[in-house]
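# Geometric and topological summary
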Amino acid sequence: MPASAAPDAPPLLSVSGLTKRFANVVALSGVSLDLRAGEIHALCGENGAGKSTLMKILSGVYRPDEGEIRYRGRVTRLAGFSHAQTLGIVMIHQELNLVPHLTVAENIWLGREPKRGIFIDRAQQRAGAEACLTRLGVVIDPDAQVATLPIAQQQLVEIAKALSMNAKLLIMDEPTSSLGEADATRLLAVIQDLKRSGVGIVYISHRLDELAQIADRVSVLRDGQWIWTKPYAETSIDDIVAAMVGRSLDEHYPPPTRTPTDDVLLRVQGLVRRGGTGPVDFELRRGEILGFAGLIGAGRTEVARAVFGADPVEAAHIELQGRSLRIRSPIDAIREGLAYVSEDRKAHGLAVNMSVAHNITLASMGRMANALGFIRFDREEAAAAEYVQRLGIRTPSTAQTVRLLSGGNQQKVVIAKWLLRDARVIFFDEPTRGIDVGAKHAIYELMDQLAAEGRGVVLISSDLPEILGLTDRVAVFREGRIAAVLPTRETTQEEIMRHASVRSTQAQPAQPAPEPAHAP
């Protein structure tokens with residue numbers, strides 16, 4: 001356990017009685033808590049509990065309807081996000097706030113560019129960016145265009161940008177949600193360094209096991225209300241979960257109800273991505289949850305996207321229920337009964353400014369239209385309402401704009417879209433990234449239910465306990481290929497990591513002798 005900040009030290013920040021309403025919805029109700037300099041204060045709660053609303057008030061995005069904020073001993077009214085930053089209050093959002101077509105260095109110093117006369121000092125800008133990245137212990141080219149970086153590296157750029165502002169109060173919203181084990185460990189060490197330098201940190205994370213490494217105190221919100229604040233040493237993960245959801249989750253992973261068969265539902269052979277590595281061979285059985293594990297950049301997501309037709313391939317032979325498929329685009333994949341729930345749901349899974357109903361029916365528009373091709377809105381509403389009820393999507397109505405939903409409910413909308421389409425095989429790419437334990441449990445149960453119905457489920461996850469808790473077999477990726485396929489109940493995290501990171505001296509067959517691959 002890290003040493004706590006002095007309990008008698010005056011608060012760096014204290015809030016009392018904060019209330020925020022949106023129309024008839026009370027997002028926060030009388031919330032009070034404080035933060036000391038040199039303290040890491042964890043904030044926990046389900047999606048929709050009010051965490052994001054509270055953080056947006058503290059970072060100047062929203063103004064409270066009631067209550068008081070004291071910062072460094074003075075009553076403070078934040079006039080906006082920029083005003084908060086000038087006071088040393090910086091927030092790192094879970095949803096990335098980067099400009100894709102600019103370089104890493106340009107993003108880190110955006111709006112605060114070092115100048116030489118009237119011109120931007122590019123050399124100083126680059127050197128400053130490099131220093132921030134070095135402090136994080138990562139190797140990212142400051143001249144690289146952000147759009148070319150994987151999500152995990154974009155998250156690190158976002159954190160480097162915050163470090164460049166010399167914050168006194170740092171709000172971190174799910175900073176490790178996109179990171180692998182090594183990058184997450186490195187970031188937690190940086191957070192400890194910031195704490196030792198006197199920075200006060202509000203830390204929001206659904207990875208509750210992280211809190212034992214860094215948190216001094218923890219506060220829990222539920223339904224917009226403060227539940228309790230305790231020193232972390234005096235509580236436990238079970239206590240936190242029970243306070244978050246108002247009930248005990250006896251099983252982190254629900255007991256399986258499915259019974260995998262030997263019937264091969266999806267067979268992929270000789271898959272070679274264009275400009276990538278390979279070949280990749282794997283089989284997915286009916287009623288099975290197959291895990292894709294491996295280090296970031298090992299090719300897990302890329303293989304799923306290639307099978308789905310989102311990325312071009314040089315060669316592949318794909319069979320669904322014994323029938324050869326020719327997949328040249330996602331349209332072909334969707335037509336054949338394949339679905340892909342992407343790791344970045346807002347960029348690739350949702351039309352965030354459209355309604356819940358429109359999003360759920362987006363892949364099934366033909367079924368919503370009449371003979372003349374016009375949308376039957378009554379049919380659309382009925383279909384959306386069925387899946388809102390079936391998946392327990394928390395929304396005021398099916399007309400609600402998706403971007404206003406919590407992360408867990410947004411994820412359920414994406415899944416509903418594919419269930420309405422009656423997909424036979426669903427790839428879930430980091431499906432629980434950035435969502436709370438209650439929503440995670442619901443999605444775990446849903447994946448098990450889908451497999452029990454005879455569908456095939458592929459779970460791509462960087463969370464090894466999640467892989468071990470949910471899957472029947474796990475395919476371990478290394479350098480663009482499958483290094484091993486292991487029965488989940490007979491393996492361990494250590495064995496998976498060994499296959500993922502160490503080149504074996506003996507060839508490790510990914511599947512029993514596959515048939516020769518064919519060009520598509």
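Look up: the structure comes first, before these words.
A few points on the structure. (Residues numbered from 1 in each chain as written. Predicted model: local features only at pLDDT ≥ 70, side-chain atom pairs only at ≥ 80, totals over all residues. Heavy atoms only, no water.)

Turning our attention to the packing of helix H4 (residues 122–136) against helix H5 (residues 151–163). As a packed pair, H4 and H5 sit with axes 9 Å apart at the nearest point and diverge in direction by 110°. In this view, H4 runs roughly perpendicular relative to H5, as classed from their interaxial angle. Here the hand of the crossing between H4 and H5 comes out right-handed. Contacts between H4 and H5 involve Cys132, Leu133, Arg135 and Leu136 on the former and, on the latter, Leu156, Ile159, Ala160 and Leu163. (Axes fitted to C-alpha atoms, helices over the stretch in contact; angles between N-to-C directions. Helix = DSSP H or I, 4+ residues; strand = E, 2+ residues; numbered from the N terminus. Parallel < 35°, antiparallel > 145°, perpendicular 65-115°, else oblique. Left-handed = near helix turned anticlockwise from the far one by under 90°. Contact = heavy atoms within 4.5 Å.)

Once that is clear, we can look at the nonpolar core. Residues Leu266, Phe282, Phe292 and Phe427 are the most contacted members of the largest nonpolar core, which totals 79 residues. Those residues in contact with Phe427, other than ones at most four positions away along the chain, are Leu266, Phe282, Phe292, Ala304, Val307, Ala339, Tyr340, Val341 and Val458. Counting residues in hydrophobic clusters, the runner-up holds 53 residues, among them Ile92, Ala162, Leu179 and Val199. (Core = buried A, V, L, I, M, F, W, Y, C linked by side-chain atoms within 4.5 Å. Buried < 20%, exposed > 50% of the residue type's maximum accessible area, 1.4 Å probe, protein only.)

Right, let's talk about the pairing of strand S15 (residues 289–294) for a bit. When you tally the buried positions in S15, you get six out of six residues, the bulk of the element. Pairing of S15 with strand S20 (residues 456–460) involves four bridges; the strand directions are parallel. Counted as the bridge partner of Leu290 is Val458 from S20. As defined by bridge partners, S15 adjoins strand S21 (residues 473–478) across five bridges and the pair is classed as parallel. Counterpart to Phe292 in the pairing with S21 is Ala475. (Pairing = 2+ DSSP bridges.)

Let us look at the packing of helix H15 (residues 407–420) against helix H16 (residues 437–452). Interaxial distance between H15 and H16 falls to 10 Å at its minimum, and their mutual angle equals 15°. Between H15 and H16, the crossing angle belongs to the class labelled roughly parallel. Between H15 and H16 the crossing geometry is left-handed. Residue-level inspection shows Gly408, Gln411, Lys412, Ile415 and Leu419 of H15 in contact with H16, the latter providing Ala439, Ala442, Ile443, Leu446 and Leu450.

Further remarks concern the pattern of salt bridges. Taken as a whole and assessed by the stated rule, the structure comprises 31 salt bridges. In this structure, Asp141 and Arg126 form a salt bridge, with 3.6 Å as the shortest nitrogen-oxygen distance. Of this pair, Asp141 sits in the loop between H4 and H5 while Arg126 sits in helix H4, and the two are 15 residues apart along the sequence. By relative accessible area, Arg126 is classed as partly exposed at 30%. Here Arg258 ties to Asp472 by a salt bridge, and the two come within 2.9 Å at their closest N and O atoms. Residue Arg258 is found in the loop between helix H8 (237–245) and strand S13 (264–273), and its partner Asp472 is found in the loop between helix H17 (464–470) and S21; the two are separated by 214 residues along the sequence. (Salt bridge = Lys/Arg side-chain N within 4 Å of Asp/Glu carboxyl O.)

So, about the packing of aromatic side chains. Evaluation of the coordinates by the stated rule reveals six aromatic pairs. Seen from their ring centres, Phe22 and Tyr62 are 5.2 Å apart, and the 65° between their planes marks the pair as edge-to-face. Of this pair, Phe22 sits in strand S1 (residues 11–22) while Tyr62 sits in the loop between helix H1 (51–58) and strand S4 (66–71), placing them 40 residues apart in sequence. Classification of Tyr62 by relative accessible area gives partly exposed; the value is 24%. Each ring, one from Tyr253 and one from Tyr444, has its centre 5.2 Å from the other, and the planes form 40°; the classification is tilted. Of this pair, Tyr253 sits in the loop between H8 and S13 while Tyr444 sits in helix H16, placing them 191 residues apart in sequence. A relative accessible area of 23% places Tyr253 in the partly exposed class. Site record: aromatic cluster; members linked through ring pairs are Phe282, Phe292 and Phe477. Sitting over the ring of Phe22, Lys20 keeps its end group 5.4 Å from the ring centre. (Phe/Tyr/Trp six-rings, centres within 6.5 Å; stacked < 30°, edge-to-face > 60°. Lys NZ or Arg CZ within 6 Å of the ring centre and 35° of its normal.)

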